[in-house]
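Understanding the architecture of this molecule
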Amino acid sequence: MELTIGAKLLNNYPFLGSLIIFGIGCYTVLSNSNLLKKLLGINIMESSIFLFYVATGNIRGGVPPIVDLAQPEALYINPLPTGLMLTGIVVSISVTGFALALIIKLYRFYGTMDANEIFEIRNEGKNNGSSS
Amino acid sequence: MLDFILKKVVLILLPFIQMFGIYVIFHGHLSPGGSFAGGIIVAVGFICYSLVFGAEKGQEKIPHKITNLIESFGTLWYGLMGLVGVLRGAGFLLNKGAVAVGQPGNLFSGGLIFLITFGVGLKVASTMVTLFFTLTEEE
Amino acid sequence: MVALVKENAPILIVIASLFSAYLLPVFMQYRRYGIVGFLALATQFFVLFGGIFLATQVLAKGSFRYILAGWEAPWGLEITIDPLSTLFLIMIGLINLLILVYALPSLADELGNKVRATWFLTLFMLLTAALCGMALCHDLFNLYVFIEVATISGCAIVGAKGDARSTEATFKYLILATLGSCFVLGGIGFLYNLTGNLNMLFVNHELAQTWSNYQYALWVSLSFFIVGFGIKSAVFPLHVWLPDAHSSAITPASAVLSAISVKGYVLGLVKVFYIAVGPLIVASLNISDILLLLGMGSIIAGSIFAIAQTELKRRFAFSTIAQIGYIFLGLGLNNQAGLTGAFFHIFSHALIKTALFLIAGFILIKTGKSQIKDLTGIGKQMPLTMGAFTVVSLGMTGIPLFSGFIGKWNLLLGSLEAGNWLAILVLLAGSILAAIYLFPIIKQAYFTTNQDYAELKENTIMIVPILILAGTVLLLGIFPRPVLTLASQAASMLLGQ
């Protein structure tokens, strides 16, 4: 091994940053009780995955992948992951729109946006069946 | 006074926003952007109009019946373009044997890609406008 | 024209479902509701017959590929037609058809008005298209796109009713399922980073040459896949969304989700682990042991939780978790008999679970009862329904002559072959626990009497799918040869990679 682990990690800083942001997003989804903050955690996680893919396609010292007829032999970066992430962004927007509509409906039913309070209101009104 | 400035500015800016959105849709196979980004820009134009002038005038301009039909039409258009390849005896969504293969830099080459981006761009715009109207209506 | 349809049949199945999903709102706009129902049924017929036609081709000639858009792999997309995908297509077509025959007469009353019923059918068609696409795809990112379509339309189907309980269940399902999708996308990103290809066969070839240099990265990638697909297929520690979602949705929605949708994500896991990565790498990185542990935990935990439930639909929802554990156990065994048992169990459990949920919905419509302790004496009031329930429960516990036995027998053979005594114990315990949570319902129905004996008519068209499903469970137990051939050919194809 020519480089140490630390040097290798710093060399691939986009991937390291992407995984740290993924962890932050995952923690946000699972630990906050406010429904809007959970949705923002999902958005943070998806942004980190976009960063991961776009960093995969990058070549240091390359030019953007638009064919320039004056210079057809330049080093183009890989356009495929960027195209894949367009689909990912569409999915993220759809999920966000759907979840926002659901949050509005839940607010109209329960009067609160906090998951713990919704759980208590539901348990008070429920006296049959067992939840597990 | 503030209302007046906003209304006049939106009325001046709206054609340019739409034109830029249509430019991004049509040049999807030549420059960055494509159907999705262009559709969002066109929808942003409608949403700005609806924000400044109020929801009723916005819904008058783009009624629910038309957005319903445009959304279905967008996906059916995509499928029909794909079936063109099937009907000409080759595979699905075929560009190579059934319709022309493109040359770089030329707007009207590239066969089916141009038509498909147009359909998808229209559908994305109408979906975004429907989402906006659904989320902001107050009961 | 017919020759064109036959030649391009694989892609036309997905396209027909998509077309019908987007034609239904157009017909709703012009208020032709009769055409709406007819189009939905016709699409499912097309899926079923397309699946049977492709299955006959696969059994005669072997697996083949269909190339989209004329560009060969790896520049173009491929669709694979092999025993596994045709087994799934037949299952999707048959079960969706029977669910629609049950649901169409009463959908407008259950949901409120005909407009909402049409939107529900649109989502149903989208879910069908996404599951057929997941069965047919051969490309990692194509799989992700179909997973997302299935997730969003599945969540929307749960929330179709619009009351407080189902909206909360939909939100929980949406957040957890999107969390799983992010994990799956991260796993695909790792595989793309390692091999530079997205087509599953090309990824397999690249990994087979160089995998020993990248063991840590492969380990992280496969763990991301297990968490992501595990959340969506509801194995034991990650199952928390399933009871609320499947018990608060309307009957056709919970039937299609429990019977087919969770299996679609298991199929995605099978494709990534056995076609893209390869059974050799999966075994040497000890991933098979993790799948075995998850499966065994699901069987025990799901069955024990099911015994504690008092509402009929919640008990069936927990039973789904236990049966998914059987499939994961078969996948973890990593040999021919285990995989055959897992795929046969996918098919037979889909039939059984659909029948159970349709029976629960039928009892709810006719008598308004949803708690088990209220079901006294219902065996005399609804004899056909409870007869079908008895047949299907015997199938679930794995009694010989019913279809559940064949799947569990193959799983037992696989565990014997792998020498895993704990798996054999868990399989037998699972059958006993299934009897414990199903037979009290039969006892309540037949062996207790109800004072106010009201005569109930059962001669609506909604009883026909329930009887057909019960009959198929019995028929598959006696003549399992067609489905068993497909399952064992699928297993040998996957293990031969």
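So, here is what we can say about the structure in this document. (Residues numbered from 1 in each chain as written. Chains lettered and ligands numbered in written order. Predicted model: local features only at pLDDT ≥ 70, side-chain atom pairs only at ≥ 80, totals over all residues.)

To continue, consider helix H22 (residues 481-495) of chain C. Residues and elements named next belong to chain C. For H22, which comprises 15 residues, the first-to-last C-alpha distance of 21 Å matches the rise-based estimate of 21 Å (1.5 Å per residue) to within 8%. Val483, Leu486, Ala487, Gln489, Ala490, Ala491 and Leu494 are the residues of H22 that are buried. Buried residues belonging to H22 abut helix H3 (33-61), helix H4 (83-103), helix H12 (251-277), helix H16 (336-367) and helix H21 (463-478). (Helix = DSSP H or I, 4+ residues; strand = E, 2+ residues; numbered from the N terminus. Expected span 1.5 Å × (residues − 1). Buried ≥ 20, exposed ≤ 12 C-beta atoms within 10 Å, placed from the backbone. Contact = placed C-beta atoms within 7 Å.)

Our next topic: unusual backbone geometry. Residues and elements named next belong to chain C. Not every positive phi belongs to a glycine, and Arg31 is a case in point at roughly 65°. Secondary-structure assignment places Arg31 in the loop between helix H2 (9-29) and H3. If you check the backbone angles, Leu401 has positive phi at about 85° while not being a glycine. Of note, Leu401 is situated in the loop between helix H18 (383-397) and helix H19 (403-418).

Counting from both sides, the interface comprises 28 residues of chain C and, opposite them, 29 residues of chain A. Counting residues per element, the ones that place at least two in the side of chain C that touches chain A are helix H7 (140-158) and helix H8 (164-195) of chain C. Here the side of chain C that touches chain A gets 15 residues from one element, more than from any other, and that element is H8(C). Here the residues of the side of chain C that touches chain A sort into 14 nonpolar, 10 polar and 4 charged. (Nonpolar A, V, L, I, M, F, W, Y, C, P; charged D, E, K, R; others polar.)

For the rest of this paragraph, the subject is the packing of H4(C) against helix H6 (residues 114-136) of chain C. Residue and element names in this part refer to chain C. Two elements in contact, H4 and H6, have axes whose closest approach is 8 Å; the angle formed by their N-to-C orientations is 165°. The angle between H4 and H6 falls in the class roughly antiparallel. Here H4 and H6 pass one another in a crossing that is right-handed. Contacts between H4 and H6 involve Ser85, Phe88, Leu89, Ile92 and Asn96 on the former and, on the latter, Thr128, Leu131, Cys132, Ala135 and Leu136. (Axes fitted to C-alpha atoms, helices over the stretch in contact; angles between N-to-C directions. Parallel < 35°, antiparallel > 145°, perpendicular 65-115°, else oblique. Left-handed = near helix turned anticlockwise from the far one by under 90°.)

Residues Ile157(C) and Ala355(C) are the most contacted members of the largest nonpolar core, which totals 209 residues. For this core, the element with the highest residue contribution is H12(C), accounting for 18 residues. Excluding anything up to four places from it in sequence, Ile157(C) contacts Phe120(C), Leu123(C), Phe124(C), Leu127(C), Ala249(C), Ala253(C) and Leu257(C). By size, the runner-up hydrophobic cluster in this structure holds 17 residues, among which are Val24(B), Ile25(B), Val42(B) and Met128(B). (Core = buried A, V, L, I, M, F, W, Y, C linked by C-beta atoms within 7 Å.)

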